[in-house]
Amino acid sequence: MSSPVAALGRTNKKRFPKLKTVVIGNVVPQYTETAELASVKEQYKIIYIGRLVKKIKRPHLLIEAFSKLADAFPHWIVEIWGEGSNKSYQWMMKALIKRRRLSERIFFKGTTDDVASVLQTGDVFVFPSAFEGFGLTLAEAMSMGLSVVGCKSCVAANELIQDGVDGLLAEEGADGLAQSMGTLMKDQALRVKMGKAARASMRKYEASVIWTAWEDLLNTCSRR
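In this text, all values refer to a predicted model and were calculated from it rather than measured experimentally. (Residues numbered from 1 in each chain as written. Predicted model: local features only at pLDDT ≥ 70, side-chain atom pairs only at ≥ 80, totals over all residues. Heavy atoms only, no water.)

Trainee: What is the right way to read the overall build of the protein from this model?
Mentor: Within the protein, the regular secondary structure consists of nine helices and six strands. Relative to its length of 224 residues, the protein is compact, with a C-alpha radius of gyration of 18 Å against a globular reference of 17 Å. If you line up the protein on its principal axes, its C-alpha atoms span 65 × 35 × 30 Å. With 224 residues in all, the protein has 47% of them scored as buried. For the protein, the share of sequence-separated contacts (at least 6 apart) that also reach a separation of at least 24 residues comes to 72%. (Helix = DSSP H or I, 4+ residues; strand = E, 2+ residues; numbered from the N terminus. Rg over C-alpha atoms; globule rule 2.2 N^0.38 Å. Buried < 20%, exposed > 50% of the residue type's maximum accessible area, 1.4 Å probe, protein only. Contact = heavy atoms within 4.5 Å.)

Trainee: I keep staring at the pairing of strand β3 (residues 106–110) and nothing clicks. Help me out?
Mentor: One face of the sheet, then the other: side chains in a regular strand alternate in exactly this way. The sheet contact formed by strand β2 (residues 76–81) and β3 spans four bridges and is parallel. By the bridge assignment, E79 is partnered in β3 with F107. The parallel pair β2 and β3 is bridged by helix α3 (residues 87–99), and the resulting crossover is right-handed. (Pairing = 2+ DSSP bridges. Right-handed = clockwise from strand over helix to strand, strands pointing away.)

Trainee: What is the right way to look at the packing of aromatic side chains in this model?
Mentor: With the rule as written, the count across this model stands at two aromatic pairs. Where Y44 meets W76, the ring centres are 5.4 Å apart and the plane angle is 25°; that geometry is what we call stacked. Highlighted residues: Y44 in strand β1 (residues 44–49) and W76 in strand β2, separated in sequence by 32 residues. The exposure classification of Y44 matches that of W76, with both residues buried. Measuring from centroid to centroid gives 5.4 Å for F134 and Y205, while their planes differ by 85°, and the two rings are edge-to-face. Of this pair, F134 sits in the loop between β4 (124–127) and α5 (136–143) while Y205 is found in the loop between α8 (188–201) and α9 (207–222), placing the two residues 71 residues apart along the sequence. Taking NZ or CZ as reference, K94 lies 5.7 Å from the ring centre of F108, over its face. (Phe/Tyr/Trp six-rings, centres within 6.5 Å; stacked < 30°, edge-to-face > 60°. Lys NZ or Arg CZ within 6 Å of the ring centre and 35° of its normal.)

Trainee: Help me understand unusual backbone geometry, please; the structure alone is not making it clear to me.
Mentor: One can expect most non-glycine residues to show negative phi and most peptide bonds to be in trans. Notably, R58 is not glycine yet its phi reads approximately 55°, a positive angle. Tracing the chain through its elements places R58 in the loop between β1 and α2 (59–69). Residue R58 is classed as buried on the basis of its relative accessible area, which comes to 11%. One non-glycine residue, R101, lies in the positive phi region at around 60°. Examined against the element boundaries, R101 turns out to sit in the loop between α3 and β3.

Trainee: Help me understand the nonpolar core in this model?
Mentor: Across soluble globular proteins, nonpolar side chains have a tendency to be buried as a group. Within the largest apolar cluster, 67 residues are counted, with the highest numbers of intra-cluster contacts made by I46, F66, F125, L138, V149, L177 and M181. The residues contacting F125, other than those within four sequence positions of it, are I47, Y48, I49, L119, T137, L138, A141, L146, S147, V148 and V149. (Core = buried A, V, L, I, M, F, W, Y, C linked by side-chain atoms within 4.5 Å.)

Trainee: Would you take a moment to explain the environment of L217 for this structure?
Mentor: Mapped onto the elements of the fold, L217 is located in helix α9. Judged by its relative accessible area of 22%, L217 falls in the partly exposed class.

Trainee: When you look at the pairing of β1 in this model, what are you seeing that I'm missing?
Mentor: A large share of β1 lies buried, amounting to six of its six residues. With burial as the criterion, each face of β1 is covered, one bearing Y44, I46 and Y48 and the other bearing K45, I47 and I49. Where β1 lies against β2, six bridges are found, and the strand directions are parallel. The partner of K45 across the bridge, within β2, is I77. A crossover connection joins β1 to the parallel β2 through α2; in handedness this β-α-β unit is right-handed. As judged from the two bridges shared by β1 and β4, these two strands associate in the parallel manner. Residue pairing in the sheet places I46 in a bridge with V124 of β4.

Trainee: Where do I start with the confidence of the model for the protein in this structure?
Mentor: Keep in mind that low pLDDT regions are not for reading the predicted coordinates in detail. Of the residues in the protein, 92% have a pLDDT of 70 or more, and the chain-wide mean is 91. In the predicted structure, residues 1–9 sits below a pLDDT of 50 and forms 21 contacts with residues beyond four places in sequence or in another chain. (pLDDT = per-residue confidence, 0-100.)

Trainee: Help me out: how do you make sense of helix α7 (residues 174–185) in this one?
Mentor: Because each turn of an α-helix spans 3.6 residues, side chains separated by three or four positions end up pointing in the same direction. In this model, α7 (twelve residues) spans 16 Å end to end at C-alpha, consistent with the 16 Å of a helix rising 1.5 Å per residue. Most of α7 sits inside the fold, with nine of its twelve residues counted as buried. If you check which residues of α7 are buried, you get A174, G176, L177, A178, S180, M181, G182, L184 and M185. (Expected span 1.5 Å × (residues − 1).)

What follows is the structure, encoded as structure tokens:
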């Protein structure tokens, strides 16, 4: 599990090895619906959901990675959901898309209040963040049963994703991201397998589990 508390816990363990630390994750929605990964489609979709922030979220890496794969996978598109205050960064990404001639393959979709419906239409969820607290959108995608790709160096991703089991952890940079994306894009059976495993792995973040963990911790502290 990873959260601001988890990051603090790891730091404290290094500085104070005898200090007892308890890590409790965030609540993740447990969707009744699931992504249709096993269906044969005319068009397959990669989804990104998050703020359009260059140094943290890094959606430009997804654009760069997809541009390396687009010719080999003509039936795939990318949807980028989210917004950001840095207009020059958004213009840079749009210029990159235009330069790579991908204006009909990569789409900026704005914001949504219905994350579940967006996720349900996807086939692969890509999480290119450099670092995060918990990575809630990644966890939500996994709960929806999507196959996922995160960066191996990102703490939130490398603690939510079991590499090769319920998702893939990519090496740093656009080349590494493209390699892991391509592995899932070319193999529908693998997407289905990892999507099911991802959905199951998120059950430990169900609301009753998390609130019980907090209650147990508070009860333990009150008895001391």
